[in-house]
Structures are given as structure tokens and as C-alpha cells.
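# Architecture at a glance
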Amino acid sequence: MYLAFKDSCEGCFIRPSDRIPGLSDTVRKIISDVRQRGDEALRDYASRFDSSALSDFYASEEEFEKADASVPSELKKAIEHAARNIRTFHEAEMPVGEDVETESGVRCWRKIVPVSRVGLYVPGGTAPLFSTVLMLAIPARVAGCREIILSTPAKNGQISPAILYAARVAGVDKVVKVGGAQAIAALAYGTESIPRCDKIFGPGNSYVTEAKRQVSADVAIDMIAGPSEVLVAIDSSSSPAAAASDLLSQAEHGKDSQVVLVIRAGEKSEAERIYSDVEAAIERELDAIGRHEYMLPSLSHSFALPAYSDDELLQIINGYAPEHLIISTENPSRILSGVENAGSVFLGKWTPESAGDYASGTNHTLPTSGWARSSSGVSVDSFLKKITVQEITKEGLGRLGRTIMTLAEAEGLDGHSYAVKVRLGDDK
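Below, the structure is looked at part by part.

## Section: the packing of aromatic side chains
Between two aromatic rings, the relevant description is the distance of the centres plus the angle of the planes. Counted under the stated rule, the structure contains three aromatic pairs. Judged by centre distance (5.9 Å) and plane angle (5°), the rings of Y45 and F49 are stacked. One end of the pair, Y45, and the other, F49, are both in helix α2 (residues 39-50), four residues apart, so they sit about a helical turn from each other. Over the face of the ring belonging to F64 we find R168, whose NZ or CZ atom lies 4.2 Å from the ring centre.

Here is the structure:
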């Protein structure tokens, strides 16, 4: 049995990362160390965790040139194809500031400006996620950010050539050879070599996610985007093999990933039959795919649930608030109409989650750990600030002034009222 079959969802909304003992204290010590010792601390952590002796924290032009020469042409084409789709989708997100005359002589609008310097974190522990480079750097470039700094772990001092190639395609300014919670600390507070960033983006393991949570008291972050998760909703019309492949595609991200199967069925015997078919498909596909060192630990804290009505299915979906939601039922659009909490949704039997991870165009940096209840995934908006502006004519203030003064005086803020009176000549 790979997925535990549960009769109810009691306790199902707890994520694996919630159970890591001492996580918060460990990360707090790393952040404090980087703030105190700066570059020296980063070199120590690079040596300890990545077997890297770093003399220079930044990828050199020579390294970019070597990456360009070593990445296979087929992979280059795939990266460029994905980049085009991601850029097309995110360019369409670019907002136009509102310009409204709320009443005669009172004009209000929003000035849209990019976040100046952004720090992008790209994981590299279990796999070189060059796709995340595209998902973060392309919307940052579309938004017009002045400086884009990318940080990623360098194993034995080397960054994956595909990451460097994707960084060049996406328009990254600098690539830093630092990973883990220490990278988040460096981007948040700066060191002798790495400048402090205005906002930090990107997914990561439990330690990276906890670091983002802790530094968010001092610097903006995109969201909580931790260990990967998926909820796959199926029924008797679904392909067990497809469902199994979707579950395993997320389980392979890391040992602390979690996958959930929800079976829409009319009765328990039907749910158990579908569950058995998916379990058999998982066993077959595990043999074909490999990466058992990540998949099996992930599956050990994953589970399957029955849902005996659409309402019950939606209660589970919205309660769990998955990062990725795959709806592969007979009528997926009907289920979608009731979905309120999800990072990204994949509809129908021809829409694998991996399409969104790589090349359909939507962003794969999404809220995890239930944060989809209140957060959205990364978009161009994530890299923008919207500054409200107002301009009032003398006539406009004449019409609006009495309302402002009445409200201000009712709150006991006479200075606010006086700022209107002095302009209207009522201060005598």
C-alpha cells in the first residue's frame, strides 16, 4: 500500500513540514549567523552543505559561456519554447493603472512601478529546477524590475548549465552560488558581496520556506511556497494510470512533498475498487520511473480519501487548499465552479500538472501548506507596486471640503480639518 486509504479527512490538512522537530530554531540560528558573519558564514555553509569552496559568489561570464556550449540544442529549444509561452501569458497580465474622476475636480489614479531589486530563489537540491528560473525571472523582467538577482546552490562549486542558460534567456542580471536558508538570509539582509533585496521570491524545501517566513518580518516575500503538493480528484471515468502518474510527478520533488487522491464515488465499494486500480498503477509506474529515494518517503505521508458527493469533494479541496489541483472527473468544469482554494488548477484528462510546471504559460510558483486560502501564485502583479495618486482642483476641494472637515472633526483630528480650512480660507 503506497497511499493510506482514509475514511475521513480528520487530520488530513497537516503537512509533512509541520512535523519537523527543531525546524524553526535551526533556521533562526542560520539567519542570525549570516546577519552577523556575512560572506564568511555563507562560505562555511557552502562548504558544509554543497561541498563548495567559494572564492567568488557570482557565476562568471566564462561559466555562462560554458553553459551555453554544453546545454544540448534540443533542451535549448525546449527552454526557449517554454519561455515564449510564459512571457506571452505574463505580458497579458500587465495592468493599466486606473484613472478616475470620482467627482468634478477630484481626480484619482494609480501609478504602477516595479519593485526595484528582487531576489529569486531557485532550488537545486533534488533536481536543477531551471524551469523555476523562467517562472520567476520572466515576469520580473516583464514588470520592469531594475535588478534581478538569482540565488541557487552550487554543488562542488558548479551550477547546473541549464540553470545558467535559462537565466540568460530570462534576463537575470546576477546569479549567486548560494542555496538553502542561508541564501534567503543573504537576500533579505545583504552581506559584503550580496546586496539586500526589496522582495524575495521562489519555492524551496522546508528550511527555505521557514527562512522566508522568518525574514518576512523585515523584507517582503511572494508567499509561502514550500514542499510541493498535489490533490488529484478522480472518479470511475478517470484513467488510473494517469492519476498515478500525476501523483508520482509531485512525489518525486522531495521527501517532504505530499500527494492526495480524492475519489468521487457513489459508495465505499466503488471508491475502494478505484483506489486499488490506482495503487496497482503506482506500483507499475514506480518501476518505470525510478527516483524512489524521493517518491517513497513522500508517499509514506500521503493518502487517499473517498468523497460521496460533489459537495463533499469540494469541502475536501477547499479545506486542504492544494498548491496543485487536478480535476480529472467526468465533468471537471462543474467541480471547478465550486473551487475557492487552490494555487493552480488542471482540468480534464489531457492536462497533466507537468504542463503548468514547464511550458503552458502559467506560473508554477504557487502557495503551499494551505496558503492558497488567502494567496495567489506568482504573477506580474507580484513584482509591481501600485501607488495611488490624487489631484484636486480648487473647485473640487470646494465641493469636497465640508465632507472632509466633518469626518475629520468627528474623529477628533482637527489638524486634518485645518489642512482643508487653510486652503479654502476658512481658517480665520
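The structure having been displayed, the exposition proceeds.
## Concerning the pairing of strand β9 (residues 229-234)
Counting buried positions over the six residues of β9 gives six, a clear majority of the element. Residues of β9 alternate between two faces, with E229, L231 and A233 on one and V230, V232 and I234 on the opposite face, all of them buried. Of the strand pairs in this sheet, β9 and strand β10 (residues 258-264) are connected by six bridges, and their pairing is parallel. Following the sheet pairing, A233 is matched in β10 by V262. With respect to chirality, the unit in which β9 leads through helix α9 (residues 240-251) into the neighbouring parallel β10 is right-handed. By the bridge criterion, five bridges tie β9 to strand β12 (residues 324-328) in an arrangement that is parallel. For V232, the partnering residue across the bridge sits in β12 and is I326.

## Things to note about the pattern of salt bridges
Oppositely charged side chains are able to pair whenever their charged atoms sit close together. All told, the structure shown has 26 salt bridges when counted by the stated rule. One salt bridge connects E40 with R37, and the closest N-O pair in it is separated by 3.5 Å. Since its relative accessible area comes to 26%, R37 is described here as partly exposed. Put simply, K177 and E63 hold a salt bridge, and the shortest N to O gap is 2.8 Å.

## Concerning the sheet that holds strand β2 (residues 99-103)
Read from one edge to the other, the open sheet built from three strands follows the order β2-β3-β14, with strand pairing classed as antiparallel. A single partner strand is all that each edge strand has here, and the edge strands are β2 and β14 (384-392). Averaged over all adjacent pairs, the angle separating strand axes in this sheet is 25°, with direction ignored. Where β2 meets strand β3 (residues 106-114), four bridges bridge the pair, whose relative direction is antiparallel. In the strand pairing of β3, V100 is matched with C108. Sitting on the sheet, helix α15 (residues 394-410) is in contact with β2, β3 and β14, with an inclination near 90° to β14.

About the criteria used
- Residues numbered from 1 in each chain as written.
- Predicted model: local features only at pLDDT ≥ 70, side-chain atom pairs only at ≥ 80, totals over all residues.
- Heavy atoms only, no water.
- Phe/Tyr/Trp six-rings, centres within 6.5 Å; stacked < 30°, edge-to-face > 60°.
- Helix = DSSP H or I, 4+ residues; strand = E, 2+ residues; numbered from the N terminus.
- Lys NZ or Arg CZ within 6 Å of the ring centre and 35° of its normal.
- Buried < 20%, exposed > 50% of the residue type's maximum accessible area, 1.4 Å probe, protein only.
- Pairing = 2+ DSSP bridges.
- Right-handed = clockwise from strand over helix to strand, strands pointing away.
- Salt bridge = Lys/Arg side-chain N within 4 Å of Asp/Glu carboxyl O.
- Axes fitted to C-alpha atoms, helices over the stretch in contact; angles between N-to-C directions.
- Contact = heavy atoms within 4.5 Å.

Treat this as a map of the structure, not an account of what it does.
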